[in-house]
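A look at the structure
Listed below, chain by chain, are the residues.
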Amino acid sequence: MAPESSHPYPLPEEPAPLDAIWALRDFEPVARDRLHPAAWGYISGGSWDEVTLRDNTAAWDRHRLLPRVLRDVTTVDPSTTLLGRPVALPFGVAPAALHGLAHAEGECATARAAAAAGALFCLSTAASRSIEEVAAAAPDGRRWFQLYVTDDRDLSRTLVQRAARSGYDAIVLTVDLPVFGYREADRRLAFKMAAESLAHFARDEHGQSFEEIIEKAYVPITWDDVDEIASWSSLPLVVKGILHPDDAALAVEHGAAAVWVSNHGGRQLDRAPAAIDALPAVVEAVGGRAEVYVDGGMRRGTHVVTGLALGARAVFAGRPFLWALATAGEPGVARALAILREETELAMALLGARSVAELTPEHVLRRVASDVPSVTADGPVPR
C-alpha cells in the first residue's frame, strides 16, 4: 500500500515513448522536461561547484580499452556472483533516495524491472516505499538494503532486522555522509523531501513524525560503530562511500564483506576524486579479501567493462535509472537495463572476453592525461 502522505511535486501522468531511446543519456532530457524543477534539481544536482559530479562521467571517458582479437566470442556471458549469489548482470541499481519523485510506483517499479533483468537492486533508507513493499513487489529479485544510521540506534537496528526478515541479502552501510554536502541546487529551488520518505518506518515502528525523523536521519559514525552495526544481523555488510585505500583496508579489518568505491554521486565533498580513478588503489589495498564495487557517472557498457577490468566485481548507477523511471515507469527502467546489457555484451565481445572473469587490467590502457589527479596508496599523483 502506498504511503498516505501527499506528494509535494506533480508527477508525469502518461509514459513517454521509448522508440527514440538508444542510450542511457537519452533518458536525461526527457526526464528533465517531465519533472518539477525542484525534483529534477534534487535528482540531478551535486554539491558546491559540481566539479566531482562532472568528473564522475568524464573520468570513465579518460580510460581507453585495448582489445584482444581472434578469440572465440560466439557466446558472451555477462553473469557473475555478488557475495556468493548469482546475478545475470555485472551492473546494478545503486541506492538513490525518493524514486517517488520520478514515478508514482517509485522503488516498486524500479525493483520489478531490475528483478526481471536479473540485476541487483539496492533500496535506500530514504526510499519512497517501505522495505516490505519493495520486497513484495519483486519477490524473486536480488536486493540489498542501504542503511543510514540515525541517532536512534534502536530505529536503525529495526531497519536492518526488517530488511533481513524481508529477504534482503546484504546491508550496505553508507559512510560518506557525516553531514550533508553543500547542495546548492536544493537550496536555490527550496527542495522539500517528499513527505512519504521515511514516514513508513517512522510512523509504523516508532510513532515519530516525518519532521522528527528527518532532523536526526544522518549522524556521524566511526569504525567502532561499524562493528556494532555488523552485529545487528547475520547479513553480510558492505561499506559504501570509500575513496581512500587505507579506509578500504580498515573496512575489511572491521569485517566488511565488500567495499563500495563511491563519492556519493558528487553530492558530498566536491573536488573529491572520481570513483573510477580511486578504484585501482582500493582494489590493491583490499587485496582480494573482500569484493569491490564502484559507482559514479557510469553511462555506457564500455564503462561497465572498464570498471570490471580494473577490479570491480560490479558497477552501479543511480541517476540513469531515475531518469528512465521518470520517462516511462517500469518499462523505462527495463529499457535502460536492456540497453546497458546489450552494450556490455558487445563491449566484452569486442575486447575478446567471453566472461567477466576474462576482463583484466590488460584491457585498459593508461588513462588519458587530465588535470584531475588520480589516487594511489601513497596519496594523489601530481601531474
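Residues numbered from 1 in each chain as written. Predicted model: local features only at pLDDT ≥ 70, side-chain atom pairs only at ≥ 80, totals over all residues. Heavy atoms only, no water.

Attention shifts here to the overall build of the protein. In terms of regular secondary structure, the protein is built from 14 helices and 14 strands. Counting only carbon and sulfur atoms, one obtains 53% of the accessible surface of the protein, whose full area is about 15600 Å². (Helix = DSSP H or I, 4+ residues; strand = E, 2+ residues; numbered from the N terminus. Areas by Shrake-Rupley, 256 points an atom, 1.4 Å probe, with all protein chains shown as cover.)

Following the sequence through the fold, Val305 ends up in helix α13 (residues 301-309). In this structure the C-alpha to C-alpha distance between Val305 and Val364, which are 59 residues apart in sequence, comes to 9.3 Å.

Before going further, it helps to examine helix α3 (residues 51-61). Of the residues making up α3, those classed as buried are Thr52, Leu53, Asp55, Asn56, Thr57, Ala59 and Trp60. In this fold, the buried residues of α3 make contact with α2 (37-44), α12 (275-286), β10 (291-295), α13, β11 (314-317) and α14 (319-351). (Buried < 20%, exposed > 50% of the residue type's maximum accessible area, 1.4 Å probe, protein only. Contact = heavy atoms within 4.5 Å.)

To continue, consider the pairing of strand β9 (residues 258-261). Here β9 shows a buried face lined by Ala258 and Trp260 and a second buried face lined by Val259 and Val261. In this fold, strand β8 (residues 237-242) hands off to helix α11 (residues 245-253), which returns the chain to β9; that crossover is right-handed. One ladder, built from 4 bridges, connects β9 with β10; its direction is parallel. Within the sheet, the bridge partner assigned to Val259 lies in β10 and is Val292. As for the winding sense of the linkage, the β-α-β connection from β9 through α12 to β10 is right-handed. (Right-handed = clockwise from strand over helix to strand, strands pointing away. Pairing = 2+ DSSP bridges.)

Looking now at the nonpolar core. In this structure, Phe145, Leu147 and Val261 are the most contacted members of the largest nonpolar core, which totals 98 residues. Beyond its immediate stretch of four places on either side in the chain, Val261 contacts Ile242, Leu243, Ala275, Ala278, Leu279, Val282, Val292, Tyr293, Val294 and Asp295. Judged by nonpolar contacts, the second largest core, of 14 residues, contains Val87, Val172, Ala258 and Ala314. (Core = buried A, V, L, I, M, F, W, Y, C linked by side-chain atoms within 4.5 Å.)

Attention now goes to the side chain of Arg62. On the secondary structure map, Arg62 appears in the loop between α3 and β1 (64-65). Within the structure, Arg62 has its side chain in polar contact with the side chain of Asp55 (distance 2.8 Å). (Polar contact = N/O pair within 3.5 Å; in protein donor to acceptor, adjacent residues only side chain to side chain.)

Let us look at α14. Between its first and last C-alpha, α14 extends only 27 Å over 33 residues, short of the 48 Å set by a 1.5 Å rise per residue. The largest bend in α14 comes to about 135 degrees, at Ala328, with the proline Pro331 one to four residues further on. With its phi angle positive at about 85 degrees, Gly352 sits one or two positions after the end of α14. (Expected span 1.5 Å × (residues − 1). Bend = angle between axes of the 7 residues up to and from the residue.)

Most of β10 sits inside the fold, with 5 of its 5 residues counted as buried. The pairing of β10 with β11 spans 3 bridges and is classified as parallel. Of the residues in β11, the one forming a bridge with Val294 is Val315.

This part takes up the confidence of the model for the protein. Mean pLDDT over the protein: 89, with 86% of residues reaching 70 or higher. For residues 194-207, every residue scores under 50 in pLDDT, and the model assigns this stretch 49 contacts once sequence neighbours within four places are set aside. Low pLDDT (under 50) marks residues 372-383, which in the prediction has 27 contacts with non-local residues, meaning those over four places away or in another chain. (pLDDT = per-residue confidence, 0-100.)

Packed helices, taken two at a time, are described by the angle their axes make and the gap between the axes. It is the contact of α11 with α12, at a shortest axis distance of 8 Å, that shows an interaxial angle of 35 degrees. Read as a crossing pair, α11 and α12 show a hand that is right-handed. Residues Pro245, Ala248, Ala249 and Val252 of α11 lie in contact with α12, whose contacting residues are Ala281, Val282, Ala285 and Val286. In terms of residue class, the contact of α11 with α12 is made up of 8 nonpolar, no polar and no charged. (Axes fitted to C-alpha atoms, helices over the stretch in contact; angles between N-to-C directions. Left-handed = near helix turned anticlockwise from the far one by under 90°. Nonpolar A, V, L, I, M, F, W, Y, C, P; charged D, E, K, R; others polar.)

This part is about the packing of α3 against α12. The geometry of α3 relative to α12 is characterised by a closest axis approach of 8 Å and an angle of 65 degrees between their N-to-C directions. Between α3, through Asp55, Asn56, Ala59 and Trp60, and α12, the contact on the second element is made entirely by Ala275, Ile276 and Asp277. Looking at the contact of α3 with α12 residue by residue, the class counts come to 4 nonpolar, 1 polar and 2 charged.

Looking now at unusual backbone geometry. If you check the backbone angles, Leu70 has positive phi at about 55 degrees while not being a glycine. Positionally, Leu70 belongs in the loop between β1 and β2 (80-82). On the accessibility criterion, Leu70 (87% relative accessible area) is exposed. The phi torsion at Leu98 lies on the positive side, around 60 degrees, for a residue other than glycine. Tracing the sequence through the fold places Leu98 in the loop between β4 (91-93) and α4 (106-117).

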